[in-house]
Amino acid sequence: MKRPFVNVLITLLLISCSAKKSIVVDYNSEKLCNGIKNMTKYIENSNEVKIYFSEDNTDVTELKYEVDTLVTEGVSFSFLQSEVANFIKNEEKISLGQASKRLEIKFLAKPNMKLNSGCLKKLNINNPKVNIRYYYYPEYGLLTAEISKIKYIPEYGKGFLILAKVDLNGEIKTLKTTFWEE
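Residues numbered from 1 in each chain as written. Predicted model: local features only at pLDDT ≥ 70, side-chain atom pairs only at ≥ 80, totals over all residues. Heavy atoms only, no water.

**Side note on the overall build of the chain**
The condition that has to hold: A run of H or I in DSSP becomes a helix once it reaches four residues, and a run of E becomes a strand once it reaches two; helices and strands are each numbered from the N terminus. The rule is simple: take the accessible area with a 1.4 Å probe, protein chains only, and divide by the maximum for that residue type; under 20% is buried, over 50% is exposed, in between is partly exposed. In what follows, residue pairs with any heavy atoms lying within 4.5 Å of each other are defined as contacts.
Counting its regular elements, the chain contains 5 helices and 8 strands. Seen in sequence order, the chain has helices and strands lined up from the N terminus as α-β-α-α-β-β-α-α-β-β-β-β-β. Split into buried and exposed, the 182 residues of the chain put 36% on the buried side. Counting contacts in the chain only where the partners sit at least 6 residues apart, residues at least 24 apart contribute 63% of the total.

Below, the structure written as structure tokens:
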């Protein structure tokens, strides 16, 4: 009687521990690479992003950033979950509840998938101000840039999010921008 119970507990423990690990897969996609290239240009040229992260108004000409070289499959929870659910609702002609449930099942019920696209290279920038992390939802061509302030001293964090639709040629159409502060 004890043995099956112990086996069930061990299995549950292994499943719950493995759900937190990321799986890295090679993902070669010209559409994704062009989308990232265009999103990076958008970020570099965006006065809104530069001003948001500037220490003062004289520091708005250049944004010093580092970039994660792996792309996370999915959405930046919880900031853009409702916008992506609305997008899916409109694309699939389903209810908002069904679209939200689809997102939860697809991205919260399994380990994080990291995509090694080969199009993001490690940058050597002295004292970068922000980190850019990309999220990609391949089925719908949704690319999210999560731009977070790098904290060199104990302080509250802040960040900026850009959600865009990537077309077949890698051109982006911005769907939503938002920010957060801790």
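**Describing the pattern of salt bridges**
Short version of the rule: Salt bridge criterion: a side-chain nitrogen from Lys or Arg within 4 Å of a carboxyl oxygen from Asp or Glu.
Scanning the model with the defined rule gives 6 salt bridges in all. Lys151 is the salt-bridge partner of Glu182, the closest N and O atoms lying 3.4 Å from each other. Of this pair, Glu182 sits in the segment after strand 8 (172-181) while Lys151 sits in the loop between strand 6 (142-149) and strand 7 (158-166), and the two are 31 residues apart along the sequence. Judged by relative accessible area, Glu182 falls into the exposed class, the value being 55%. Residue Lys151 is classed as partly exposed on the basis of its relative accessible area, which comes to 43%. One network of salt bridges, in which partners are shared, links Asp68, Arg133 and Glu146.

**Some details on the pairing of strand 5 (residues 130-137)**
Threshold: Only when DSSP finds a minimum of two bridges between them are two strands counted as paired.
Of all 8 residues making up strand 5, 7 are buried, and the element is well covered by its neighbours. Pairing analysis gives 3 bridges linking strand 2 (residues 65-67) to strand 5, with the strands arranged parallel. Each residue of the ladder has a partner; that of Tyr65, found in strand 5, is Val130. By the bridge criterion, 2 bridges tie strand 3 (residues 71-73) to strand 5 in an arrangement that is parallel. Looking across to strand 5, one finds that Thr72 is bridged to Tyr135. As defined by bridge partners, strand 5 adjoins strand 6 across 8 bridges and the pair is classed as antiparallel. Within strand 6, the residue paired with Tyr136 across the bridge is Leu143. Following strand 5, the chain reverses through 4 residues before pairing antiparallel with strand 6; Gly141 in that reversal takes a positive phi of roughly 65°.

**A word on the nonpolar core**
Put simply, the rule is: Only buried residues count toward a nonpolar core, which is a set of Ala, Val, Leu, Ile, Met, Phe, Trp, Tyr and Cys residues joined through side-chain atoms within 4.5 Å.
In terms of nonpolar packing, the biggest core is built from 24 residues, with Ile43, Tyr134 and Ile147 touching the most fellow members. Those elements that place two or more of their residues in this core are helix 2 (30-45), helix 3 (47-53), strand 2, strand 5, strand 6 and strand 7. Other than its neighbours up to four places away in sequence, Ile43 contacts Val49, Leu63, Ile132, Tyr134, Ala145, Ile147 and Ile162. Judged by nonpolar contacts, the second largest core, of 16 residues, contains Val84, Ala85, Ile94 and Leu103.

**Things to note about the confidence of the model for the chain**
Selection criterion: pLDDT gives the predictor's per-residue confidence on a scale running from 0 to 100.
Residues of the chain with pLDDT of at least 70 account for 86%, and the chain-wide mean is 85. Here residues 5-15 scores under 50 on pLDDT; set against residues more than four positions off or in separate chains, the count is 0 contacts.

**Topic: the packing of aromatic side chains**
Operational definition: When two rings of Phe, Tyr or Trp (its six-membered ring) have centres within 6.5 Å they constitute a pair, described as stacked for plane angles under 30 degrees, edge-to-face for angles over 60, and tilted for the intermediate range. Should the NZ of a Lys or the CZ of an Arg lie within 6 Å of a ring centre and within 35 degrees of the ring normal, that charge is described as sitting over the ring.
Going through the model one piece at a time under the given rule, you end up with 7 aromatic pairs. Following the ring pairs from residue to residue traces out a cluster consisting of Tyr52, Phe53, Phe160 and Phe179. Here the guanidinium or amino end of Lys158 rests over the ring plane of Tyr52, the centre of that ring lying 4.6 Å away.

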